[in-house]
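Each chain, letter by letter, is given below.
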Amino acid sequence: MRHVVSALVQNVPAVLAHISGMLASRGFNIDSLAVGETEEPELSRMTFVVMGDDRVLEQIRKQLEKIVTVVKVVDVSATDYVERDLMLIKVKAPAGKRSEIRELTEIFRGSIVDVGADEMMVEISGRESKIEAFINTMRPFGITELVRTGRIAMIRSDAKRPVETTQRKAS
């Protein structure tokens, strides 16, 4: 099973290294990771995707609860949520192929963000399946470079809130 976990953490040096090191030392693989500021400057949100059964998820949650800098942990995938990835992709774009690349980019609701002599760079965001489909569509043109963010996710406004495992006051 694929689990999307959100951890609200104190915005202090080395918190990312501490959490990722703890997960790695216990044999948990992180499939995707994104960290960023929140609406509160003293807090950051870590969103990560892990694969495993409910036992694996429970172990990860227990380990996160032990870390002092973790304020709150939520299994986002236990409820209705929205998730997104962001990707920049650079593809070979000879003059005769540029209009086709532009049309495909529009179909996928992406944006061309840079045009070079022989390449175009496209920005696209969406669900993982959309990103993967766009990559496969661009392969015949020749992908010269690709970079993706980790997955980010938020619980929908009207969704029933999952049980939070940890809630500490940020210091």
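Bear in mind that the values here come from a model prediction, so they are computed numbers and not experimental data.

K.L.:
Help me out: how do you make sense of the overall build of the protein in this one?
P.N.:
Along its length, the protein carries four helices and ten strands. Overall, the protein is about 60 × 35 × 30 Å in size when its C-alpha atoms are taken along their principal axes. Counting every position in the protein, which comprises 171 residues, the buried fraction comes to 41%. Considering only intrachain contacts with a sequence separation of at least 6, the fraction spanning at least 24 residues in the protein is 74%. Element-wise, carbon and sulfur atoms account for 50% of the exposed surface of the protein, whose accessible area totals about 9800 Å². Across the protein, 25 positive and 25 negative side-chain charges occur, with their mean positions spaced 3 Å apart.

K.L.:
What exactly am I supposed to notice about the layout of surface pockets here?
P.N.:
Quantified by volume, the second largest pocket comes out at close to 230 Å³. Around the second largest pocket, the lining comprises 14 residues; the ones closest to its centre are Arg-45, Thr-47, Ile-152, Ala-153 and Met-154. Elements with a minimum of two residues in the lining of the second largest pocket: strand 2 (30–37), strand 3 (43–51), strand 5 (81–92) and strand 9 (152–155). For the lining of the second largest pocket, the element with the highest residue contribution is strand 2, accounting for four residues. In terms of residue class, the lining of the second largest pocket is built from six nonpolar, three polar and five charged.

K.L.:
How should the environment of Ile-155 be read in this particular structure?
P.N.:
Tracing the backbone through its elements, the reader meets Ile-155 in strand 9. Take Ile-155: its relative accessible area is 18%, and that puts it in the buried class. Separated by 122 residues in the primary sequence, Ile-155 and Leu-33 have C-alpha atoms spaced 17 Å apart.

K.L.:
I'm lost on helix 3 (residues 98–107) in this one. Help?
P.N.:
Because the α-helix completes a turn every 3.6 residues, residues three or four places apart line up on one side. Among all positions in helix 3, only Arg-98, Ile-101, Leu-104 and Thr-105 are buried. All buried residues of helix 3 fall inside an arc of 130° around its axis, so they share one side. For helix 3, the exposed residues set more than 90 degrees away from the buried face come down to Glu-106 and Ile-107. The inward-facing, buried residues of helix 3 contact strand 5, strand 6 (111–115), strand 7 (119–126) and helix 4 (128–138). Positive phi shows up at Arg-109, right after helix 3, with a value of about 60°.

K.L.:
Sorry, what's going on with the pairing of strand 2 here?
P.N.:
Regular strands show a simple pattern: their side chains alternate between the two faces of the sheet. The pairing of strand 2 with strand 3 spans seven bridges and is classified as antiparallel. By the bridge assignment, Leu-33 is partnered in strand 3 with Phe-48. Here strand 2 folds back onto strand 3, and the loop between the two strands holds five residues.

K.L.:
Is there a simple way to explain the pattern of salt bridges in this structure?
P.N.:
Two side chains of opposite charge can pair, provided their charged atoms sit close to one another. What the rule picks out here adds up to eight salt bridges. Notably, a salt bridge pairs Asp-80 with Arg-156, separated by 3.3 Å at the nearest N-O pair. Separated by 76 residues along the polypeptide, Asp-80 in the loop between strand 4 (70–75) and strand 5 and Arg-156 in the loop between strand 9 and strand 10 (166–167) bring together distant segments of the chain. Judged by its relative accessible area of 44%, Asp-80 falls in the partly exposed class.

Cut-off values and rules
- Residues numbered from 1 in each chain as written.
- Predicted model: local features only at pLDDT ≥ 70, side-chain atom pairs only at ≥ 80, totals over all residues.
- Heavy atoms only, no water.
- Helix = DSSP H or I, 4+ residues; strand = E, 2+ residues; numbered from the N terminus.
- Buried < 20%, exposed > 50% of the residue type's maximum accessible area, 1.4 Å probe, protein only.
- Contact = heavy atoms within 4.5 Å.
- Areas by Shrake-Rupley, 256 points an atom, 1.4 Å probe, with all protein chains shown as cover.
- Lys, Arg positive; Asp, Glu negative; His and termini not counted.
- Charge placed at Lys NZ, Arg CZ, Asp CG, Glu CD.
- 1 Å grid on protein atoms, 1.4 Å probe; cavity = no way out; pocket = protein on both sides within 12 Å on 5 of 7 lines; lining within 4 Å.
- Points joined across faces, edges and corners; volume = space filled by probe spheres on them.
- Nonpolar A, V, L, I, M, F, W, Y, C, P; charged D, E, K, R; others polar.
- Arc of directions from axis to C-beta.
- Pairing = 2+ DSSP bridges.
- Salt bridge = Lys/Arg side-chain N within 4 Å of Asp/Glu carboxyl O.

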